[in-house]
Amino acid sequence: MEADRLKLSTKWQGDFVFEASGQGGHMLRMDAHQGVGNDQGLLPMQALLGSLAGCVGMDVVMILRSKMKDVHSIEIVTEGDKRRDPPKEFLAITVTFIVEGDIEADKAWHAIEVSGEKYCPVAHSLKADVTYKLVLNGKEAGAK
């Protein structure tokens, strides 16, 4: 299997604030919720929901490209039900497309389903294997 690698650098900004910078220099600011952090950015789990919405949304636009002149707006609301105890992962995620325009429901449904089942790498990555590595003071200190 061939693989491409994406890289994101996420740096601690103090307290619970982290800023992620992508290869194009775009930034994402994350913080813990009020009471733990200072609510200066998205919660990491919100960022995950946003990544899913953006991924499926871009696929839908690509699939419906010839019909997009008739679409006035698309809003994607992502809701995740999290486990209450650690690790507090998502147990279920609902992605709701709110579309305004002159488009047939079956065409919109087809685009959403094809994205989720075939194209959206974020949706398919939600069960990816994760490996952690540690570099401490410039020296690799293992991987797990």
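Small disclaimer: the values here were computed from a predicted structure and weren't measured.

Student: It is not clear to me how the UniProt feature "transmembrane region" (unreviewed entry) in the protein chain should be interpreted in this structure. Could you clarify?
Tutor: The sites that UniProt annotates as "transmembrane region" (unreviewed entry) are residues 45–64. Across residues 45–64 one finds 95% helix and 0% strand; the C-alpha atoms that close the span lie 29 Å apart.

Student: What should I look at first to understand the environment of Cys-120 in this one?
Tutor: Structurally, Cys-120 can be placed in the loop between α2 (105–119) and α3 (121–125). For Cys-120, a relative accessible area of 0% gives the class buried. As for Cys-120 and Asp-59, which are separated by 61 residues in sequence, their C-alpha atoms are 7.0 Å apart. Excluding its chain neighbours within four sequence positions, the residues that come into contact with Cys-120 are Leu-52, Cys-55, Val-56, Asp-59 and Ser-115.

Student: Looking at this structure, how should I read the nonpolar core?
Tutor: When a protein is soluble and globular, its nonpolar side chains tend to lie buried together. If you look at the biggest cluster of nonpolar residues, it comprises 11 residues: Leu-52, Cys-55, Val-56, Val-60, Leu-64, Val-71, Phe-97, Ile-103, Ala-111, Ile-112 and Cys-120. Secondary structure elements with two or more residues in this core: α1 (44–63) and α2. Element by element, the count of residues in this core is highest for α1, at 4 residues. Discounting chain neighbours no more than four positions away, the residues touching Cys-55 are Ser-115, Cys-120, Pro-121 and Val-122.

Student: It is not clear to me how the domain arrangement of the protein chain should be interpreted in this structure. Could you clarify?
Tutor: One frequent convention defines the size of an interface as the accessible area lost when the parts assemble. For the protein chain, the domain assignment lists domain 1 (1–41) and domain 2 (44–141). Of note, the centres of domain 1 and domain 2, computed from C-alpha atoms alone, are 18 Å apart.

Student: Help me understand the packing of α1 against α2, please; the structure alone is not making it clear to me.
Tutor: When two helices pack together, their arrangement is given by the angle between the helix axes and by the axis-to-axis distance. Direction vectors running N to C along α1 and α2 enclose 125°, while the axes themselves pass 9 Å from each other. Between α1 and α2, the angle is such that the two are oblique. Between α1 and α2 the crossing geometry is right-handed. Of α2, the residues touching α1 (which contributes Cys-55, Val-56, Asp-59, Val-60 and Ile-63) are His-110, Ala-111, Ile-112, Val-114, Ser-115 and Tyr-119. Tallied by class, the residues present in the contact of α1 with α2 amount to 8 nonpolar, 2 polar and 1 charged.

Thresholds, definitions, all that
- Residues numbered from 1 in each chain as written.
- Predicted model: local features only at pLDDT ≥ 70, side-chain atom pairs only at ≥ 80, totals over all residues.
- Heavy atoms only, no water.
- UniProt positions renumbered as here; feature names shortened; annotations may be inferred.
- Helix = DSSP H or I, 4+ residues; strand = E, 2+ residues; numbered from the N terminus.
- Buried < 20%, exposed > 50% of the residue type's maximum accessible area, 1.4 Å probe, protein only.
- Contact = heavy atoms within 4.5 Å.
- Core = buried A, V, L, I, M, F, W, Y, C linked by side-chain atoms within 4.5 Å.
- Domains from an automatic or database assignment.
- Axes fitted to C-alpha atoms, helices over the stretch in contact; angles between N-to-C directions.
- Parallel < 35°, antiparallel > 145°, perpendicular 65-115°, else oblique.
- Left-handed = near helix turned anticlockwise from the far one by under 90°.
- Nonpolar A, V, L, I, M, F, W, Y, C, P; charged D, E, K, R; others polar.

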